[in-house]
Structure formats: structure tokens, C-alpha cells
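# Structural overview for review
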Amino acid sequence: VQLQASGGGLVQAGGSLRLSCVVSGRITTINSMGWYRQAPGKQRELVATITRGGSTNYLHSLKGRLTISIDNTKKAVYLQMSSLNVEDTAVYYCNAHLGVTFSSQIYWGQGAQVTVSS
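Reading the values: the criteria
- Residues numbered from 1 in each chain as written.
- Predicted model: local features only at pLDDT ≥ 70, side-chain atom pairs only at ≥ 80, totals over all residues.
- Heavy atoms only, no water.
- Phe/Tyr/Trp six-rings, centres within 6.5 Å; stacked < 30°, edge-to-face > 60°.
- Helix = DSSP H or I, 4+ residues; strand = E, 2+ residues; numbered from the N terminus.
- Buried < 20%, exposed > 50% of the residue type's maximum accessible area, 1.4 Å probe, protein only.
- Lys NZ or Arg CZ within 6 Å of the ring centre and 35° of its normal.
- Contact = heavy atoms within 4.5 Å.
- Disulfide = S-S within 2.5 Å.
- Salt bridge = Lys/Arg side-chain N within 4 Å of Asp/Glu carboxyl O.
- Pairing = 2+ DSSP bridges.

## A look at the packing of aromatic side chains
One pass over the full model with this rule turns up one aromatic pair. Taking the centre distance of 5.0 Å and the plane angle of 65° together, the rings of tyrosine 36 and tryptophan 108 count as edge-to-face. Residue tyrosine 36 is located in strand E4 (residues 29-38), and its partner tryptophan 108 is located in strand E10 (residues 103-108); the two are separated by 72 residues in the primary sequence. Exposure remark for tryptophan 108: the relative accessible area of 38% places this residue in the partly exposed category. In this arrangement the basic side chain of arginine 44 is found over the ring face of tyrosine 93, its NZ or CZ atom lying 3.8 Å from the centre. Across from the ring centre of tryptophan 108, 4.8 Å away, lies the NZ or CZ of arginine 44, which sits over that ring.

## As for the environment of alanine 48
The topology assignment puts alanine 48 in strand E5 (residues 45-51). Between the C-alpha atom of alanine 48 and that of glycine 34, which follows or precedes it by 14 residues, the distance is 5.5 Å. If near-sequence neighbours (up to four positions away) are discounted, alanine 48 is found in contact with Gly34, Trp35, Asn57, Tyr58, Ile68 and Leu79.

## A closer look at the state of the cysteines
Here the structure, examined in full by the defined rule, presents one disulfide. Bridging cysteine 21 to cysteine 94, the disulfide has an S-S length of 2.0 Å. Disulfide cysteine 21-cysteine 94: torsion about the S-S bond near -85°, hence left-handed. Within this pair, whereas cysteine 21 is found in strand E3 (residues 17-24), its partner cysteine 94 is found in strand E9 (residues 90-100), the two being separated by 73 residues in sequence. Judged by relative accessible area, cysteine 21 falls into the buried class, the value being 0%.

## So, the pattern of salt bridges
A complete count under the given rule lists three salt bridges for this structure. Close ionic contact of aspartate 88 with arginine 65 constitutes a salt bridge, the shortest N to O distance being 2.9 Å. With aspartate 88 in the loop between strand E8 (76-81) and E9 and arginine 65 in the loop between strand E6 (56-58) and strand E7 (66-71), the pair connects residues that are 23 residues apart, well separated along the chain. Taken individually, aspartate 88 and arginine 65 each receive the classification buried, so the pair is uniform in this respect. Through salt bridges with shared partners, one network takes in Arg37, Glu45, Arg65 and Asp88.

## A short note on the pairing of E9
Judged by how many residues are buried, E9 sits mostly within the fold: nine of eleven residues are covered. Here E4 runs beside E9; their pairing, made up of nine bridges, is antiparallel. Bridge pairing in E9 places arginine 37 opposite tyrosine 92. Taken together, the three bridges between E9 and strand E11 (residues 112-117) define a ladder with antiparallel strand orientation. Across the sheet, residue tyrosine 92 finds its bridge partner in E11, namely alanine 112. Across six bridges, the pairing between E9 and E10 is antiparallel. Opposite leucine 98, over in E10, you have glutamine 105 as the bridge partner.

Written out as C-alpha cells, the structure is:
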């Protein structure tokens, strides 16, 4: 099972970006998926999560600028970010809590660099 993130890049302050993350491999179910980020010199922090049923949770300071969505059929999660500022510059990691044969496990993607220029 692997998570493949895409959609990162360079964007000007005030701009928007959409991240995608797709699960590949054999799973039995998606329990939840989400995004974390890690800025240089800082700890990794939760950005947003969403359950299979669509319940969402956002980092409070980012609420209103983000929309997380899930497509269970495509085994994908998306993060739409708007009104980006330089403090949003970080590596964004996809995370998934997945059901696999006889168990459930946490998986991480490789990270997508988001750089916001002033």
C-alpha cells in the first residue's frame, strides 16, 4: 500500500493550490485520510482530516482557507487551499488510516512541497 501525493508547487501569496493524494494497493476500507505539514525547523502539525463518511477536522488557525474532501471510490483525498501566505510554506504530507487484511494501519505519503512567495 502506498500513498502518492501531488499538486504541490510554487504559488504567490494570496493564491490557491490543490493537493491530491491517492492510495494504491489492496485495502479493505478507508477509515480516514488527512494532511499534515512540516515547515523548516518546526514540528509536523495536523492540517486537516476527513473520515470515510465525510466528517472533517481542521487546524483552527487554517479553518476557512481550506477544504478537505474525499473520494472513497477513487481512494483519494484532496486539499483545496486558498488565500495562501508565506507561513503556509511547508512540506505537506498525506496520511491515511486504512483497513488492510486482518488489521488497520497508518500510512504516510512522500510529501508535497508547497512554497508561497511574497
